[in-house]
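Take a look at the letters that make up each chain.
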Amino acid sequence: MIVMKELEKTFQNGVTAVDGVSLHIAKGEAVGLIGANGAGKTTLVKLICGLYRESGGFIRAFGEKPSERKHTRPYIGMVTGSQITDSYIHDFGRGVSFLYDDMTLSLNMQLIGNIYSLPKKLCKERTEELAARLELSGFMHYRVGQLSLGQRMKAEIAACLLFSPELLILDEPFIGVDVTAKQTICDILRKLAAAGNTTVILTTHDMAELERICPRVVLLDKGRLVYNGSLDRLKRSHLGLSSLHLRSAGMPPDPGDYPIERYILENHELRLYYDASHIGSKEIAGSLIKGADVSDILIEKPTIEQIVKKIYKEGNYEFGKHDRGIGAL
Amino acid sequence: MRDILSLFFAYAKSGLKSRFQYKVDAIVVIFAVFLREAGGIIAMYLALQKFGTVNGWSIDELLFLFSLIFITYGIFIVFFMALRDFPDWIKHGDFDRVMVRPRGVLTQLVLCGADWLAAFGHGTLGLLLLLVSANRVGIEWDVKTVLYYVMCVAGGVLIQGAVFLTFSAITFYVLETGSLKEIFYWNMRKFAIYPLSIYNKFIQAILLIVVPFAFVNYFPAQFFLRKPDMAQYPGWLMYITPAVGVAMYLLAYAFWRFSLRFYKSTGN
């Protein structure tokens, strides 16, 4: 379990990256950490790992003060995708990584097994199993530096799962990763989260993936915790605009007095944007179909991506406004 | 301890394997390192053909003095390369990886950072110089002298390790320590290839106290060679290289521990 209370981190240059964050993360929980760039996600993660010492407040992870961890247990697996990606783009040669670039993947796995005192046989078995699950079996004899970005990220995750960490931290594991690799990573993380033995903290801008892996999200802005709860509630309280796309044989129908935000009419096609918290899709669609010869209709709900984009942009963190009723329950 | 040894062998095995994946490349690099370092010796050798001796030290004796530098560096680079390149570790974030693993930070840095090619380059040169000079300078090799020689080499490795550990700890406060290293290690090393006694008091003081290269090669060599220029120093200096190595290393380690705490609380 991870507990934070009024956690604060101010750097030497006076920047306060984490500002009064209070948060509980239960053992085996999967939590998504979101926020615009510079919101303090990485600093929070580093505080949890004990890479930074807090400058104020209270933090305990697995019963210990993280910055005074005795390098034994709990085991922390860490994948810092953004820096690995950077190292690919800018050709730094090295990024933060569990793996050594100039060793083959299988050697890396052996070495990690050794560092974490895994029995050789178990290490081999797990390596093979992870390689199969992450579709890496054909790349075990590649030097890690030769792997493509998607393979590399999968390899990093395999390296972390090898020693069954109690805490797995994934900082942007999807950046620059192609769709199939994303899918594989997502699948394995979902299974891991469902098994409930590993606490997973995921920071990402890929909301679709986040939605699939983490039931709970924590939203940071300028170091402050501005939302902590289920993704569903976040969606409900911050509905973006839904859209209704309608094609008709004759003249498109008139939406009348409904509270429409935008209205686009092109030939026989009508596109409406409306706030689904003010008016139900059923109501508006029903009324439109009634008055016209409709040949096709498509209703789209806002994606979590659009919602978060909207929140970042507007800085609107009044979460109680729309879902007061739900909160009271 | 057995645990750490097996870890060392795991690192060494994989390090060697990856370094020698391209065998020709590896051999060319080793040879290049060898030639680069040997060039300086050849130049000195030719100059000495003319002068004969330097402050009473013959060519062979100087080669013996030389050999200690290369042998200790060859071993040093097997254990302390990560400290040599430490600013890069911090800059690229590799240091974070080391910090979350269930082993001591320094243990991991020391174990994983072998520059095998440099080690072979410097090591072979050192051994070659030792083989060439050892018989000709009249050292009587018995159990006692061999033992003390080994201890001196270990001390010399620790002294250089301590110097780099200190530089690495300074990296926690100021990120760029390249020029410090240039001045206090590489330049001092150039001074150390000649007998300490030829320098003025200022440089001698630096080589004795600040970056004590004198204990890496000059005083150990004096133990074996007993040259007359030793008269200007207290005799016991010849016997303390292993102790200086251990003491300096412990001191540097304490400073490193302190700085690591500082790094965690400030965050670079």
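The structure presented is a predicted model; accordingly, all values stated were derived computationally and were not measured.

How should the overall build of chain B be read in this particular structure?
Looking only at helices and strands, one finds 12 helices and 0 strands in chain B. Mapped from its N terminus to its C terminus, chain B presents α and β elements in the order α-α-α-α-α-α-α-α-α-α-α-α. Taken over the C-alpha trace, chain B has a radius of gyration of 19 Å; the compact-globule value for 268 residues is 18 Å, and the two agree within 12%. Each of the three principal axes of chain B carries a C-alpha extent, and together these read 55 × 45 × 35 Å. Burial status across chain B gives 41% buried among its 268 residues. Taking all contacts inside chain B whose residues are at least 6 apart in sequence as the whole, residues at least 24 apart take part in 82%.

How do you make sense of the overall build of chain A when you look at a structure like this?
If you tally the helices and strands in chain A, you get 11 helices and 13 strands. Buried positions account for 40% of the 329 residues belonging to chain A. Looking at chain A alone, contacts between residues at least 24 apart form 69% of all its contacts between residues at least 6 apart.

Mind showing me how you'd approach helix α3 (residues 105–115) of chain A here?
Helical geometry: 3.6 residues make up each α-helical turn, so side chains three or four residues apart lie on a common side. Extensive coverage of α3 of chain A is indicated by the burial of 10 of its 11 residues. Here α3 of chain A has its buried residues at Leu105, Leu107, Asn108, Met109, Gln110, Leu111, Ile112, Gly113, Asn114 and Ile115 of chain A. If you follow the buried residues of α3 of chain A, they end up packed against α4 (120–133) and α5 (149–161) of chain A together with α1 (2–19) of chain B.

I tried to follow the sheet that holds strand β6 (residues 167–171) of chain A on my own but got confused; where do I start?
Sheets are built from strands that pair by backbone hydrogen bonding, the pairs being arranged parallel or antiparallel. Residues and elements named next belong to chain A. The mixed open sheet is built from 6 strands, whose spatial order is β5-β6-β7-β3-β8-β9. Strands at the two margins of the open sheet, each flanked by one partner only, are β5 (76–80) and β9 (224–230). Ignoring strand direction, the axes of neighbouring strands in this sheet form an average angle of 15 degrees. With respect to the sheet, helix α1 (residues 41–49) is in contact with β3 (30–34), β5, β6, β7 (199–203) and β8 (216–221), its orientation differing from that of β6 by roughly 160 degrees.

When you look at the packing of helix α2 (residues 23–51) of chain B against helix α7 (residues 116–134) of chain B in this model, what are you seeing that I'm missing?
Helix packing geometry: the angle between the two helix axes and the distance between the axes. All names here are of chain B. At their nearest, the axes of α2 and α7 sit 8 Å apart, and the two run at 45 degrees to each other. By the angle between their directions, the pair α2 and α7 is classed as oblique. Remark: the crossing between α2 and α7 carries right-handed chirality. Where α2 abuts α7, its residues Ala26, Val29, Ile30, Val33, Phe34, Glu37 and Ala38 lie against Leu117, Ala118, Phe120, Gly121, His122, Thr124 and Leu125. When grouped by side-chain class, the residues that make up the contact of α2 with α7 number 10 nonpolar, 3 polar and 1 charged.

Whenever I open this one, the pairing of strand β11 (residues 260–266) of chain A confuses me. Can you help?
Within a regular beta strand, the side chains point alternately toward one face of the sheet and then the other, so they alternate between its two faces. Residue and element names in this part refer to chain A. Of all 7 residues that make up β11, 0 are buried, and the element is exposed over most of its length. Note: β11 against strand β12 (residues 269–275), 6 bridges, orientation antiparallel. Bridge assignment links Arg262 to a residue of β12, and that residue is Tyr273. Linking β11 to β12, which pair antiparallel, is a turn of 2 residues; within it Asn267 sits at a positive phi near 50 degrees.

Just to check I follow, could you spell out the nonpolar core for this structure?
Soluble globular proteins: nonpolar side chains tend toward being buried together. Ala158, Ala159, Val200 and Leu202 of chain A together with Phe80 of chain B are the most contacted members of the largest nonpolar core, which totals 150 residues. In terms of residue count, the dominant contributor to this core is helix α3 (residues 59–84) of chain B (20 residues). Once residues lying within four places of it in the same chain are set aside, the contact partners of Ala159 of chain A are Phe98, Leu99, Asn108, Met109 and Ile112 of chain A. Counting residues in each nonpolar core, the second largest holds 6 residues, with Leu246, Leu272, Ile284 and Leu288 of chain A among its members.

Explanation requested: unusual backbone geometry in the structure shown.
Leaving glycine out, the prevailing phi sign among residues is negative, and the prevailing peptide bond configuration is trans. Positive phi, normally seen in glycine, also occurs at Lys222 of chain A, with a value near 50 degrees. Checked against the element boundaries, Lys222 of chain A lands in the loop between β8 and β9. A count of 15 C-beta atoms within 10 Å places Lys222 of chain A in the partly exposed class. At Arg226 of chain B, a position not held by glycine, the phi torsion is positive, near 50 degrees. Mapping Arg226 of chain B onto the fold places it in the loop between α11 (218–225) and α12 (241–266). Owing to 11 C-beta atoms within 10 Å, Arg226 of chain B belongs among the exposed residues under this scheme.

Is there a simple way to think about the confidence of the model for chain B in this case?
Low pLDDT marks regions whose predicted coordinates should not be analysed in detail. Residue-level pLDDT values for chain B average 88, and 98% of them are 70 or greater. This prediction of the complex comes with two scores: 0.77 for pTM and 0.71 for ipTM.

Explain the environment of Ile311 of chain A here, please?
Relative to the assigned elements, Ile311 of chain A resides in helix α10 (residues 304–314). For Ile311 of chain A and Glu261 of chain A, which are 50 residues apart along the polypeptide, the C-alpha to C-alpha distance reads 18 Å.

Can you walk me through the environment of Ala254 of chain B in this structure?
Residue and element names in this part refer to chain B. Along the chain, Ala254 falls in helix α12. Using a count of 11 C-beta atoms within 10 Å as the deciding quantity, one classes Ala254 as exposed. When the C-alpha atoms of Ala254 and Asn217 are compared, they prove to be 25 Å apart, with 37 residues separating the residues in sequence.

What am I meant to see in the packing of α3 of chain B against helix α6 (residues 105–112) of chain B here?
Where α3 of chain B meets α6 of chain B, the axes come as close as 5 Å, and the angle between the chain directions of the two elements is 115 degrees. Mapping the contact onto sequence places Phe79, Phe80, Ala82 and Leu83 of chain B in α3 of chain B and Leu109, Val110 and Cys112 of chain B in α6 of chain B.

Just to check I follow, could you spell out the sheet that holds strand β4 (residues 56–61) of chain A for this structure?
All names here are of chain A. Ordered in space as β2-β1-β4, the 3 strands form an open sheet in which the pairing is antiparallel. In the strand order of this sheet, the two ends are held by β2 (16–25) and β4, each with one partner. Looking at each pair of strands side by side, their axes are set apart by 20 degrees on average, direction ignored. Bridging between strand β1 (residues 2–10) and β4 involves 5 bridges; their strand directions are antiparallel. Note on β4: the bridge partner recorded for Lys5 is Phe58. Contacts from α1 reach β1, β2 and β4 within the one sheet, and its direction differs from that of β2 by about 60 degrees.

So what exactly am I meant to see when it comes to the pairing of β12 of chain A here?
Residue and element names in this part refer to chain A. Burial along β12 is one-sided: Leu270, Leu272 and Tyr274 are buried, and none of Glu269, Arg271, Tyr273 and Asp275, which face the opposite way, are. For strand β10 (residues 241–248) and β12, the ladder comprises 7 bridges, and the chain directions are antiparallel. If you follow His245 over to β12, its bridge partner there is Arg271.

Hey, could you run me through the environment of Gly28 of chain A in this one?
Residue and element names in this part refer to chain A. With respect to the secondary-structure elements, Gly28 resides in the loop between β2 and β3. Sequence spacing of Gly28 and Tyr274 is 246 residues, and the spatial spacing of their C-alpha atoms is 39 Å. Filtering out sequence-adjacent residues up to four positions away, Gly28 remains in contact with Gly196, Asn197, Thr198 and Thr199.

How each quantity is defined
Note on numbering: residues in each chain are counted from 1, in written sequence order. As they are written, the chains are lettered A onward and the ligands numbered 1 onward, keeping that order. In keeping with the predicted nature of the model, local features appear solely for residues at pLDDT of at least 70, side-chain atom pairs appear and are counted solely at 80 or more, and the whole-chain, interface and lining totals rest on all residues. Numbering goes from the N terminus for both helices and strands, where a helix is a DSSP run of H or I of at least four residues and a strand is a run of E of at least two. Here the globule rule reads 2.2 Å times residues to the power 0.38, and the radius of gyration is calculated from C-alpha atoms. Here a residue counts as buried when 20 or more other C-beta atoms sit within 10 Å of its C-beta, as exposed when there are 12 or fewer, and as partly exposed otherwise, the C-beta atoms being derived from the backbone. Here contacts are defined at the residue level, using C-beta atoms placed from the backbone and a cut-off of 7 Å between them. In this analysis, strands are considered paired if DSSP registers two or more bridges between them. Interaxial angles span 0 to 180 degrees and are taken between N-to-C directions of axes, which are lines fitted to C-alpha atoms, for helices over the stretch in contact. Should an angle fall under 35 degrees it is taken as roughly parallel, and over 145 as roughly antiparallel, whereas 65 to 115 is taken as roughly perpendicular and any remaining angle as oblique. Throughout, a crossing is termed right-handed when the near helix is turned clockwise from the far one, and left-handed when it is turned anticlockwise from it by less than a right angle. Under the grouping applied here, Gly and all other residues not named as nonpolar or charged are polar, the nonpolar ones being Ala, Val, Leu, Ile, Met, Phe, Trp, Tyr, Cys and Pro and the charged ones Asp, Glu, Lys and Arg. Only buried Ala, Val, Leu, Ile, Met, Phe, Trp, Tyr and Cys residues enter a nonpolar core, and they are joined through C-beta atoms within 7 Å. Confidence per residue, as judged by the predictor, is encoded in pLDDT with a range of 0 to 100.

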